[in-house]
Amino acid sequence: MIRIGYMGIPLSNSEQAAELMVQRMDDDVELVPLIDSESVTKALLSGDIDYGVVAVRNMVAGPVIETEKALKNSPSIISVTEVSLPIHHCIFVKHEGAEIDSIASHIQALGQTYNNVERMFPGIKRVEVADTALAAEMLSDGRLPETTAVLCTMAAGMHYKLHLLEANIEDDPENWTDFALLKKD
């Protein structure tokens, strides 16, 4: 069994990228959610996983800084292949009619939606969370206040039974991110 760790949790864009990469393999694969790029590189170095999937760059928000930092500290990790994935963000709230004073998500999602979010909610406070799907989970279970909106995939927002405010909120409708499949050299 091949173990592939990915940054994020289930229903994240990274999980979707990992699932695309798994389709290219003939072996049995277990996907392992590891929240962030540093956790993926540490698990690769320790041998806890065979491969890792991380976001490396987005067409709007640029390089994924957390991945660059994690790889800089791990020179024995190499990229095997990459896949580009269209990325669409949705704004969800805890319940219809919620008063919103902040929006939470991964820093990349906040960057990919900055102009549209600013247009909808001028001056809104932006809160960084380790993963888009994790932001949805945190709003659902009360770790984020009900006055927070989240940016996540449609699947994550629906799974956590949140209320959809707006779909496809990314600043560029052609938004995409490159994800790399990593292994220890």
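Before reading on, note that the structure itself is shown above.
Here we summarise the structure given alongside this text.

Each regular strand displays side chains that alternate between the two surfaces of the sheet. Going residue by residue along strand β6 (residues 90–93), you find C90 and F92 tucked away on one face and I91 and V93 tucked away on the opposite face as well. The sheet contact formed by β6 and strand β9 (residues 148–152) spans three bridges and is antiparallel. Across the sheet, I91 pairs through a bridge with L151, a residue of β9. Across three bridges, β6 lies against strand β10 (residues 163–166) in antiparallel orientation. Each bridged residue has a counterpart across the sheet, and for I91 the counterpart in β10 is E166.

The strand order β8-β7-β9-β6-β10 describes an open sheet built from five strands, whose pairing is mixed. At either end of the open sheet lies a strand with only one pairing partner, and these are β8 (125–128) and β10. Across this sheet, the average inter-strand angle for adjacent strands is 35 degrees, counted without regard to direction. Each of β6, β7 (102–105) and β9 is contacted by helix α6 (residues 132–141), which is oriented at about 145 degrees to β9, the strand it contacts most.

Listing the buried residues of helix α2 (residues 37–46) in full gives S37, V40, T41, A43 and L44. Looking straight down α2, one finds that the buried residues subtend no more than 160 degrees of arc, so they occupy a single side. Looking at the buried side of α2, the elements it contacts are β1 (2–6), β3 (51–58), α3 (65–72), β5 (77–86) and β11 (176–184). The first or second residue beyond α2 is G47, which carries a positive phi of 85 degrees.

What counts as what
Residues numbered from 1 in each chain as written. Predicted model: local features only at pLDDT ≥ 70, side-chain atom pairs only at ≥ 80, totals over all residues. Heavy atoms only, no water. Buried < 20%, exposed > 50% of the residue type's maximum accessible area, 1.4 Å probe, protein only. Helix = DSSP H or I, 4+ residues; strand = E, 2+ residues; numbered from the N terminus. Pairing = 2+ DSSP bridges. Axes fitted to C-alpha atoms, helices over the stretch in contact; angles between N-to-C directions. Contact = heavy atoms within 4.5 Å. Arc of directions from axis to C-beta.

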